[in-house]
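Here's the letter readout for the chains.
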Amino acid sequence: MNIAIDGPAGAGKSSIAKLVAKEMSFVYVDTGAMFRAMAYYCMTEGIDVSDERAVSDNCDNIDIRIEYQNGEQHIFMNGRDVSTEIRQEEVGKHASIMASYGAVRTKLLELQRKMAAETDVIMDGRDIGTVVLPEAEVKIFLTASSRVRAERRYKELQEKGVECSLDKIEEDIVARDKQDMTREIAPLKQAEDAVLVDTSYMSIEEVTKTIREIAERVQEEK
């Protein structure tokens, strides 16, 4: 079974997907980590990530796998465990640039679909139910108001001792939503057969339970 979770930034997709995956013994496919692994490959090979042609020409040289060992997610790039290395700030910046390249998205689409065909997976992003796994048995569109998402982010930053403005965070979130919904390649949108789950006034436990119940109903019907 495949579970696709889409939604805007700050809706809690990754946190919820990880919890549901753990409770249902599914593999959580961290699509963001896969973009980071692609970026890390280019960095280690001396490929200029701002050169789309150079990056595109090297996509076929990269293989990325996600495995779970002792309950922990590990990212393998060409057989090497790079789980720690890809979390560097610089890698994240490069991954963001590469995410707009058609060849990179095509390569990762192929790898993501391969994983989904081989095992039970839950995957989150912005185009999972519409582009990556259009045949997923369960599709969820997870959202929350821009204010609630901003408040969640504000709380996270405050707990880390980071000075920030709640209004500015909300402004950035609204801008990110517009960018994601209007981008040319795989824009953010709710699949026609996706279940809308508004988490604005729900706890993490309530959201996780809701998605599990939806998935279990589908399993029973199969």
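Predicted model only: the values in this text are computed from it and were never measured.

Section: the sheet that holds strand 4 (residues 72-77)
Strand order in the open sheet formed by 3 strands is 3-4-5, and the pairing between neighbours is antiparallel. Of all the strands in the sheet, just strand 3 (64-69) and strand 5 (80-81) have a single pairing partner and so form its edges. In terms of strand pairing, strand 3 meets strand 4 through 6 bridges, oriented antiparallel. In the strand pairing of strand 4, Ile-66 is matched with Ile-75. With respect to the sheet, helix 2 (residues 31-44) is in contact with strand 3, strand 4 and strand 5, its orientation differing from that of strand 4 by roughly 35°.

Examining the side chain of Asp-177
Here Asp-177 shows up in helix 8 (residues 166-182). Of the polar contacts made by the side chain of Asp-177, one reaches the side chain of Arg-149; its length is 2.7 Å. Once you skip the residues sitting within four places of it in the chain, Asp-177 turns out to touch Pro-8, Ala-9 and Arg-149.

Re the pattern of salt bridges
A full pass over the atoms with the stated rule returns 14 salt bridges. The salt bridge partner of Glu-85 is Arg-80, with a shortest N-O separation of 3.4 Å. Since its relative accessible area comes to 21%, Glu-85 is described here as partly exposed. Between Lys-168 and Asp-172 there is a salt bridge, with the nearest N and O atoms lying 2.8 Å from each other. With Lys-168 and Asp-172 both in helix 8 and 4 residues apart, the pair spans about one turn of that helix.

Comments concerning unusual backbone geometry
One non-glycine residue, Ser-25, adopts positive backbone phi at about 60°. Along the chain, the position of Ser-25 falls in the loop between helix 1 (13-24) and strand 2 (27-29). For Asn-78, which is not glycine, the phi dihedral falls at a positive 50°. Position of Asn-78 among the secondary structure elements: in the loop between strand 4 and strand 5.

Things to note about the layout of surface pockets
When its volume is computed, the second largest pocket comes out at roughly 300 Å³. What lines the second largest pocket is simply Lys-18, Leu-19, Ala-21, Lys-22, Phe-26, Tyr-28, Asp-30, Tyr-68, Gly-71, Glu-72 and Gln-73. Of all the secondary-structure elements, those providing two or more residues to the lining of the second largest pocket are helix 1 and strand 4. Of all the elements, helix 1 adds the most residues to the lining of the second largest pocket, at 4 residues.

Things to note about the nonpolar core
The nonpolar side chains of a soluble globular protein tend to be buried, and buried together. Judged by nonpolar contacts, the single largest core of 39 residues is most densely connected at Ile-64, Met-98 and Val-104. For this core, the elements supplying multiple residues, two or more each, are strand 2, helix 2, strand 3, strand 4, helix 4 (89-98), helix 5 (102-118), strand 6 (121-125) and helix 6 (128-132). The biggest single contributor to this core is helix 2, with 9 residues. When near neighbours in sequence (up to four residues on either side) are disregarded, Met-98 contacts Met-38, Ala-39, Cys-42, Val-49, Val-55 and Val-104. With 20 residues, the next largest nonpolar core counts Ile-16, Ala-17, Ala-21 and Ala-215 among its residues.

Focus: the state of the cysteines
According to the stated counting rule, one finds 0 disulfides in the structure shown. There is no disulfide at Cys-59, and the cysteine sulfur nearest it, in Cys-42, is 7.1 Å away. What makes Cys-59 buried here is its relative accessible area of 3%.

Reading the values: the criteria
Residue numbering note: each chain is counted from 1, following its sequence as written. Two thresholds apply to this predicted model, a pLDDT of at least 70 for residue-level local features and 80 or more for giving and counting side-chain atom pairs, whereas whole-chain, interface and lining totals are computed over all residues. Side-chain numbers here rest on the full set of heavy atoms in the structure, without hydrogens or water. Being paired, for any two strands, means DSSP has found at least two bridges between them. Starting at the N terminus, helices and strands are each numbered in turn, a helix being any DSSP run of H or I of at least four residues and a strand any DSSP run of E of at least two. Any two residues whose heavy atoms approach within 4.5 Å are treated as being in contact. Structural elements are reduced to axes, namely lines fitted to C-alpha atoms, with helices fitted over the stretch in contact, and the angle between N-to-C directions of any two is expressed from 0 to 180 degrees. For the purposes of these results, a polar contact is taken to be a pair of N or O atoms within 3.5 Å, where, inside protein, one atom must be able to donate a hydrogen and its partner to accept one; residues adjacent in sequence count only when each atom of the pair is a side-chain atom. One side-chain nitrogen of Lys or Arg within 4 Å of one carboxyl oxygen of Asp or Glu is enough to make a salt bridge. Here's how the labels work: a residue is buried when its accessible area is under 20% of the maximum for its type, exposed when over 50%, partly exposed in between, all with a 1.4 Å probe on protein chains only. Two kinds of site are reported from a 1 Å grid over the protein atoms alone, namely cavities, where a 1.4 Å probe fits but cannot get out, and pockets, open sets with protein on both sides within 12 Å along at least five of seven lines, and residues are called lining when an atom falls within 4 Å of a point. Grid points are joined across faces, edges and corners, and a volume is the space filled by probe spheres set on the points. Here, the term nonpolar core denotes a set of buried Ala, Val, Leu, Ile, Met, Phe, Trp, Tyr and Cys residues that are joined through side-chain atoms within 4.5 Å. The term disulfide is used for any two cysteine sulfur atoms that are within 2.5 Å.

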